[in-house]
Structures are given as structure tokens and as C-alpha cells.
Amino acid sequence: MPVADDAIRCDACPVLCYIKPGRTGSCDRYGNRDGQLVRLDPHVMLEQAQSRGDALVPFLGKSEEWDGSLIRQPVSDGQTFVTAIGAGTTYPDYKPAPFIISSEVAGVDMVTVVTEGIFSYCGVKVKIDTDRHLGDECSTVRSKGEAVGHVTTGEYGSQMLSLGGVRHLTGGSRQEGTTTCDTLLDLCNGKAVELEIDGGAKVVVQADKAPIVGGVQEERMRVGCGSATIGMFAKQWFGKVDEVVVVDDHITGVLSEHQAGKLLGVVETGIKIKGRRSTPGRYFKVAEPGTSWGGTNITDPLTILGPFNPKFAKPGLRLLMVSTTGEQHGYFELDEALRPIARELPAALRESVGRIRENCEPALCTVLFMGGAGGSLRAGVTENPVKLTHSVRDALTRVTCGGAPVYVWPGGGITIMADVSRMPANAFGYVPTPALVAPIEFTMTIADYAKLGGYMDHVRPLSSIHAEDGHRRVTPRADNPWPLPSKKDTRR
Ligand code: SF4
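Note that the structure is predicted; figures quoted are calculated from it, not measured.

Cut-offs and rules
- Residues numbered from 1 in each chain as written.
- Predicted model: local features only at pLDDT ≥ 70, side-chain atom pairs only at ≥ 80, totals over all residues.
- Heavy atoms only, no water.
- Pairing = 2+ DSSP bridges.
- Helix = DSSP H or I, 4+ residues; strand = E, 2+ residues; numbered from the N terminus.
- Axes fitted to C-alpha atoms, helices over the stretch in contact; angles between N-to-C directions.
- Salt bridge = Lys/Arg side-chain N within 4 Å of Asp/Glu carboxyl O.
- Buried < 20%, exposed > 50% of the residue type's maximum accessible area, 1.4 Å probe, protein only.
- Polar contact = N/O pair within 3.5 Å; in protein donor to acceptor, adjacent residues only side chain to side chain.
- Contact = heavy atoms within 4.5 Å.
- Phe/Tyr/Trp six-rings, centres within 6.5 Å; stacked < 30°, edge-to-face > 60°.
- Lys NZ or Arg CZ within 6 Å of the ring centre and 35° of its normal.
- Near = heavy atom within 4 Å.
- Nonpolar A, V, L, I, M, F, W, Y, C, P; charged D, E, K, R; others polar.

Undergrad: Even after reading the chapter, I still don't get the sheet that holds strand 5 (residues 43–47), so can you show me in this structure?
TA: The pairing of strands in a sheet happens through backbone hydrogen bonds and is either parallel or antiparallel. With mixed pairing, the 3 strands of this open sheet are ordered in space as 6-5-32. Both edges of this open sheet fall to strand 6 (80–82) and strand 32 (471–474), since each of them pairs with a single strand only. Direction aside, the axes of adjacent strands within the sheet are offset by 30 degrees on average. Note: strand 5 against strand 32, 4 bridges, orientation parallel. Its bridge partner lying in strand 32, V44 is registered against R472.

As C-alpha cells, this is what we get:
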């Protein structure tokens with residue numbers, strides 16, 4: 001809408017920026033180009049590489065750029081998928097979505113409705129592969145000093161953060177909302193973000209990259225808990241050492257008491273572990289959480305041992321203590337007073353410690369975008385929003401984010417989760433309300449679209465999209481399923 005000074009008003013979000021010629025709006029997504037409101041980033045199309053006989057390559061760093069040509073492949077064969085990245089946003093939502101594209105897939109007429117959704121209700125779940133203690137559960141996670149989330153329950157070999165969400169975006173100070181939005185945007189677009197946990201560690205998180213905890217890059221996640229490690233490697237230790245303790249903040253394992261040791265015939269060693277005995281050979285809380293041995297705060301493993309029981313222990317008894325990643329290890333022999341004395345690790349045990357390390361997978365950060373698409377966004381798809389929810393629930397409508405697969409939570413609404421590293425680079429944007437802008441596509445048969453009250457008069461064929469509209473063509477990640485249904489899917 002033109003206003004004074006040749007500025008135009010952008011109506012793609014509630015901010016309603018006035019944009020002067022040659023300038024961009026607050027979110028940098030829209031600009032005034034010669035008096036026209038334009039979406040500045042190219043609109044991303046996925047194209048199946050197999051159709052051209054090309055090798056499939058991952059998005060990041062290797063996406064094929066738009067070469068200026070028209071879409072070369074026949075558009076009816078399901079080889080091209082219109083994503084919502086760069087498609088634009090409609091506001092208010094009762095307007096039809098920016099692109100409602102029809103195509104023929106395996107002889108079935110399909111429709112894909114795409115929009116860059118504005119998500120006030122969204123956040124990220126971050127999985128950080130490390131044993132190191134990052135902070136207590138429920139501790140506040142900060143970015144640039146602002147509260148942006150909290151530590152949630154740890155998982156097997158990983159620490160978990162829950163960041164963002166409507167309370168941080170809208171329920172705190174303006175600065176808290178803005179910083180939360182910036183943090184989510186950077187994480188979702190694959191950038192590195194430094195986070196600080198109250199009473200805990202500083203950690204640099206980047207999707208699909210190793211975490212950096214307290215300035216040290218994590219290399220590997222643990223092979224298992226202490227008890228699992230005993231179970232896995234007991235046979236390799238049998239006969240080479242009398243006792244093994246696998247130090248773990250959660251479940252420390254002791255070979256001679258563990259079922260695996262018992263089955264092999266390992267004899268009692270008189271070892272005493274400080275901690276709470278759960279079941280034979282499995283101890284909880286041997287130390288405080290920390291960033292050292294097995295995610296504990298100990299740097300000297302002997303601190304978790306009490307005096308050996310002289311009824312079973314003998315001078316010369318051989319003891320291996322190792323962490324769950326094999327990163328830390330110590331070998332000891334009891335002296336005449338049954339005190340463990342550090343000795344060099346015998347060659348026979350070096351291999352087993354190396355085997356623990358070998359079985360540890362590379363440590364990575366995983367960033368899952370989680371958003372609620374069950375609100376007003378649905379009105380851009382259908383005049384009767386609940387029908388879209390039902391259609392998704394009934395698996396008649398497939399939901400994707402930038403063409404990447406999503407997990408739709410059971411229950412009410414359309415609450416989705418998507419691994420951001422499976423999406424094309426820079427798929428996310430923001431608006432200063434503040435809220436995250438994320439691509440979302442709904443694909444269904446045209447018959448189902450009509451049934452759910454879709455905007456049939458806005459459906460346009462894929463062939464109506466031309467190069468001059470400013471599109472970018474990329475090949476999808478090789479391990480992503482193709483977002484359009486296959487012949488098998490459409491046979492029903
Ligand atoms: S913030 Fe962006 S989308 Fe919203 S009105 Fe301004 S330019 Fe348009």
C-alpha cells in the first residue's frame with residue numbers, strides 16, 4: 001500500500017512496516033523495490049537429483065544454485081517440490097497462503113500449500129552429546145545474559161536443553177523476547193551460539209557440530225552408562241585384571257559385583273565404593289556432577305573408593321578405573337597395606353580402553369525446531385481450520401518444513417518437530433513481534449484439499465512458476481524422504 005514519501009506498507013506481519021524505496025522492512029525479508037513490495041530472499045524449490053542422473057548432495061555448502069533457467073523437468077512428474085522458504089507470509093491469516101501449487105504425482109493430482117509461518121509458540125529442543133554436567137535440571141539457560149530457556153532431563157549420553165517458547169518470547173522483558181528470538185534464529189539457521197547455564201557451564205552449540213563445553217570441544221559421547229560398559233567389555237577384561245570400576249555420574253559399574261562379572265566367575269575383591277548401591281555392581285551418586293570423569297566432579301578416581309576389605313583383598317590385586325568414554329583411565333595395584341598404588345597401564349589393558357573409545361560415537365549437537373501450527377496459520381490453507389488439523393491427524397495431509405520431514409505430536413493441534421540440519425540453509429527468518437518465521441508445507445490430494453474447504457480458486461499449476469520470479473533450486477539432503485508421495489502412497 002503506497003503512503004507518503006513513496007514508502008509502501010508491508011502487510012505480511014502485524015508489524016506493518018512502512019518501507020521507503022530501496023529499503024527493507026524490520027525483518028529484512030521484505031523490501032521496496034521500485035515501489036513494489038518484494039520478498040527479498042529467493043524462493044527455494046527442491047528438485048530430485050536422480051531425475052538428472054546427478055549425485056545427491058547435502059544442502060549445507062553444496063546446494064545447487066538456481067541457474068536462471070525455467071524449471072527444466074516436466075512439472076507433472078513429482079520431481080519438483082515448492083518449499084515455503086522465501087515464499088512469503090500472509091497476514092492476517094484468513095488470506096490464502098502465498099503459494100497453493102498443484103502437480104500430478106504418480107497419476108494423482110496433488111496440492112501443496114506453502115507459507116512462511118510466523119511462530120510465536122515455538123522453540124528448540126537441543127540435544128548435546130556429552131557426559132559433562134552442564135547444569136542442574138530446571139536451571140536457567142542464558143544467551144547474552146538473557147534467560148532463553150532451561151535445562152531439561154538428561155538422556156542417555158546427552159544433555160538436553162529446552163529453549164524459547166512463548167513465555168520467553170512474549171512473557172518477559174522486551175530484551176528477553178528479542179534475545180530469545182535471535183538465539184532461536186541463529187540455532188535454527190545452523191549458526192554457533194554461546195549459552196551459559198546458571199550454576200553450570202558455558203557451552204557453544206551449533207546444529208550438527210560438536211559441542212564446546214567450557215572452551216573444550218567435546219569429541220565423543222559415552223559408550224553407555226557405567227553398568228552397560230561393564231556388561232559390554234567384561235569378557236575383554238576377564239583374566240587380565242582383577243577389578244574394573246567404570247566411573248559414571250549416574251550408574252557406576254563394578255566388575256566383580258556385576259552380573260556380567262559373576263557369570264564369568266570374577267572373584268570378590270573386597271572393593272568398597274562410596275555411593276548408593278542400587279543392584280549388585282551398580283552404584284548411584286558416587287560423586288557430584290561435574291565436567292570430569294564420567295560426568296562427575298572427580299579428577300582422582302580413588303576418592304570414590306573406601307578401604308578394601310582384607311577378607312577378600314590381597315596385595316598385588318590389579319584394579320582398572322576408567323570413565324564411560326575411555327577418556328580418563330587409571331591402573332592401580334594394591335600394596336601390602338591394601339592401598340591402591342598407581343602403575344602404568346599394562347599393554348593387555350590398553351586395547352580394552354581403546355575399545356571403549358572406539359565404540360563412542362562422535363559428539364554432536366542436535367537442534368530440533370518445535371512449533372505449533374495448529375493456530376491461525378491454518379486459515380491460510382482452508383476456510384475451516386479444524387479440518388486441516390483432522391486431515392493431518394488422519395494422515396491425509398503430509399506436513400514438511402522446507403521439504404524436510406517433521407514429527408507431528410499426537411493429541412490436539414498440529415505441533416511439529418523438525419531437525420533443522422535436514423532443512424535447506426537459512427530456512428528460518430524472524431519478525432520483530434518477536435517471533436520466528438519457519439517454512440511449512442501441507443501436501444495432500446486435490447480431492448482432499450477440496451473436501452477440507454481449501455481455496456480452490458487460488459490453486460495454480462507448478463508450471464505457472466517462472467525463473468524470473470526469483471527462485472533457487474536445490475537438491476534435497478540424500479537421507480530425506482522425497483516430500484511428495486510415491487506411487488505406493490497414492491494407491492488407496
Ligand atoms: S517485519 Fe517484515 S514482514 Fe513484518 S511488516 Fe515489517 S517487513 Fe513486513
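Undergrad: So what exactly am I meant to see when it comes to the pattern of salt bridges here?
TA: Between side chains of opposite charge, a pair can form as their charged atoms come close. Within the structure shown, the criterion is met by 20 salt bridges. In this structure, D129 and K127 form a salt bridge, with 2.9 Å as the shortest nitrogen-oxygen distance. Relative accessible area serves as the criterion here: at 4%, D129 is assigned to the buried category. For K127, a relative accessible area of 30% puts it in the partly exposed group. For E219, the salt bridge identified is with R220, shortest N-O distance 3.6 Å. Within this structure, R29, R39, D41 and E116 form a network of salt bridges that share partners.

Undergrad: Would you mind showing me how to read the side chain of S421 here?
TA: As for its position among the elements, S421 is in the loop between strand 28 (415–419) and strand 29 (429–431). On the basis of relative accessible area, S421 is assigned to the buried category, the value being 8%. At 2.8 Å, the side chain of S421 and the side chain of D419 are in polar contact. With residues near it in sequence (within four places) discarded, S421 still touches D208 and R477.

Undergrad: What is the right way to look at the packing of aromatic side chains in this model?
TA: Going through the model one piece at a time under the given rule, you end up with 4 aromatic pairs. Between the aromatic rings of F119 and F369, the centroid separation amounts to 5.4 Å while the plane-to-plane angle is 85 degrees, which identifies the pairing as edge-to-face. Of the two residues, F119 sits in strand 8 (residues 108–119) while F369 sits in strand 24 (residues 365–372), which places them 250 residues apart along the sequence. Each residue in the set F119, F369 and F428 is aromatic and connected to the rest through ring pairs, giving one cluster. Positioned above the aromatic ring of Y30, the side-chain terminus of R39 is 5.9 Å from the ring centre. Just above the ring of Y156 sits the side chain of R222; from NZ or CZ to the centre is 5.0 Å.

Undergrad: Is there a simple way to think about the site of the ligand in this case?
TA: Around the ligand, the structure places C10, A12, C13, V15, L16, C17, G25, S26, C27, R29, Y30 and P432. Residue classes in the shell around the ligand are distributed as 9 nonpolar, 2 polar and 1 charged.

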